[in-house]
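An overview of the molecular structure
In case you want the letters, here they are:
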Amino acid sequence: MSPAVAGRGETKKHTHIWGVVRSELLKLWSLRAPRLILLLMFLLPVALATVRVLFVPLVVGTDLDADGTSVLFESISVSALPLAVLSATLGLIAITSEYTDDSLAASLAAVPSRVSLLLAKTLPAIGLSVLTVAAGTAVAGWMSSITLTSRGYTLPSFDRSAELLLSVVAGAACFAVLGLAFGALARSAVSASIVFVGIILLMPSTLFYLGGNWVPRFVELLPASALQALTTRAPAEPFVLEGTPASALEPLTGFAVLASGSVLLLAAAIAIFVRRSVHLEVSRIGRQSRVSRRAMEVESSARGLNFMGVVRSEGLKALTLPSSRWLLALSAGSMVFMAWRWAGTRNAGDILVAPITAWDLASQTFDEQMTAITGGLALSQFLIAALGATIATSDFATGNIRPALTAVPLRGWVLTAKTGVVVAAAMAAGAIGLLLAAIVATPIQQDQGIPAMFTASVVWISIAKGTIAFGLVAALGSGVGVIARSPSAALFALAAIFVVVPTLTSQLEPRTVDTPLVWLTNVGRVFPSGREAAETLGPNFFHPWFQFGNILQPPPGAQMAVLFLWAAGSLAIAWVLFRRRGV
């Protein structure tokens, strides 16, 4: 072969590769969700940096430290975690959208090389994330620099600020790869979203809750801790997930852990993607369609619009979803497991200081029993919310919403039936899990020197409040699912509600104490929490509404009301949108 012919062949190959990348970029950009995500990725760092520097005091004389390095670095790094989660969402959408609308077979017909196709999907997700995060973080850093300089602070060199900015960008790029890899491995937006949120946002704090000498070392290898190490520069304070300590890794080591983990997971996704059938999602949709047809026969047989017939049909559709059974079992199982682990690590001699009075022991026993029974809600609440979102969006994901509404034109009935099924299933699983948690934890606590009694009032109060919290969280998930009408969008919205926003606001609280912006960070205190709603105050225990610096801390009773308002509000918005929007 002549050099000229070989050169033309190589040029044609490169043109084809870039044509595939361009096609994948256009497909991703044509979706509404990625465009909204990119807008948030630009605005979020600007908004968070503004909150951080807006009320920094003016330097007058020598009373204040004029070094603004920590404030500038914190204004840049504060958005690292939410930007990473948004980048992962972008990567997940890039791959799971093909499974959801059954277009992957057509893409493979145009690009037979599955490796090339997966890499072509990865590059646009990385590129869009990098460009948007770089632009938003640069604007945030520039605004913070101007604000600090105008108030008399000295700033670090440009090289140090640029290095931190690049670290935030690199973290977002790695998370985009992680999101795409999770989506390729799971082949389902629901499964990928649940696994991603569980590993990234819930696992670190859950492991520290369980305890163990191996936990700190293992958690440092997880993506969230590696990201925190990568985007933290002294003397700035680290921004960590609630319930976890700061990582001890150096920034370069954190990047190595995060990058190597992303590459290895992508390699595993490629290895499995090239060998598996692409028709899993199609067959799953087919099975769900057959279930929906059977359910609609129930609806059609009750053409008089018998509401109980609608409830039976929605129950049939919901409980035949494999994800529903798994989520119910995992939520109940996690309650029992965490109760067992908590009870086994708490010893009366270690947690009480001598001399121990009868009142001290009774009060500590009350708290230990309540925590052992309801503490698992910190993890189970997301699983139950995911159950609500999954059932609410199942008809939208499979395309069965139109036949369902043809059989039952009253949309309010459909929404009420879906929500009722979700709440009933969640409360049943919650009651079972909480009861088993009390049965498992009580004898272990007695062996640990804590005089726990299964007949104590706190046991039954905790079970009752926890069951109600399960139902309200499920209703909230159902409402968010109907609003989003997309499984992945609903699940990431729930992750933001239960984890990301409360974590961000809790990290900003110490920096906004005694400023008007403390009320902005107090917003995180009125976000829903099933665990806090299920808690019960001990006898003669006073709980002030406000702590030092006007930091809001609602008592457990108020947290239950907050959870109810969130559930009712989401369902009200879902009802309005469901009645007015087309399907």
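Residues numbered from 1 in each chain as written. Predicted model: local features only at pLDDT ≥ 70, side-chain atom pairs only at ≥ 80, totals over all residues. Heavy atoms only, no water.

1. Describing the environment of A332
When you line up the elements, A332 lands in helix 14 (residues 322–345). The exposure class of A332 is buried, given its relative accessible area of 14%. Separated by 94 residues in sequence, A332 and A426 place their C-alpha atoms 9.3 Å apart. Sequence-distant contacts of A332, that is, excluding residues within four places in its chain, are made with A429 and G433. (Helix = DSSP H or I, 4+ residues; strand = E, 2+ residues; numbered from the N terminus. Buried < 20%, exposed > 50% of the residue type's maximum accessible area, 1.4 Å probe, protein only. Contact = heavy atoms within 4.5 Å.)

2. A short note on the confidence of the model for the protein chain
Detailed reading of the predicted coordinates is not advisable wherever pLDDT falls low. Looking at the protein chain, pLDDT values average 80 and 81% of them are 70 or higher. Scored below 50 in pLDDT, residues 4–10 makes one contact in the model with residues more than four places away or belonging to other chains. In this model, residues 280–304 is a region of pLDDT below 50 whose contacts with residues beyond four sequence positions or in other chains number 38 contacts. (pLDDT = per-residue confidence, 0-100.)

3. Focus: the nonpolar core
With 124 residues, the main nonpolar core has F175, F196, V197, L201, L258, I384 and F498 as its most contacted residues. When residues of this core are assigned to their parent elements, the largest contribution, 13 residues, is made by helix 7 (residues 158–186). Sequence-distant contacts of L258, defined by excluding residues within four places in its chain, comprise G171, C174, F175, L178, P223, A226, L227 and L230. (Core = buried A, V, L, I, M, F, W, Y, C linked by side-chain atoms within 4.5 Å.)

4. Details of the pattern of salt bridges
Inspection of every chain in the model, using the stated rule, returns seven salt bridges. We note a salt bridge from R52 to E74, for which the minimum N-O separation is 2.7 Å. Of this pair, R52 sits in helix 2 (residues 32–53) while E74 is found in helix 3 (residues 69–77), placing the two residues 22 residues apart along the sequence. Given a relative accessible area of 4%, E74 falls into the buried group. Overlapping salt bridges bring together E24, K27 and K121 as one network. (Salt bridge = Lys/Arg side-chain N within 4 Å of Asp/Glu carboxyl O.)

5. Section: a nonpolar patch on the surface
Where nonpolar side chains cluster on the molecular surface, the patch consists of L36, L39, L40, F42 and L43 and spans about 440 Å² of accessible area. Among the structural elements, L39 can be located in helix 2. (Patch = residues over 30% accessible without salt bridge, like charges linked within 9 Å, V, L, I, M, F, W, Y side chains within 5 Å. Areas by Shrake-Rupley, 256 points an atom, 1.4 Å probe, with all protein chains shown as cover.)

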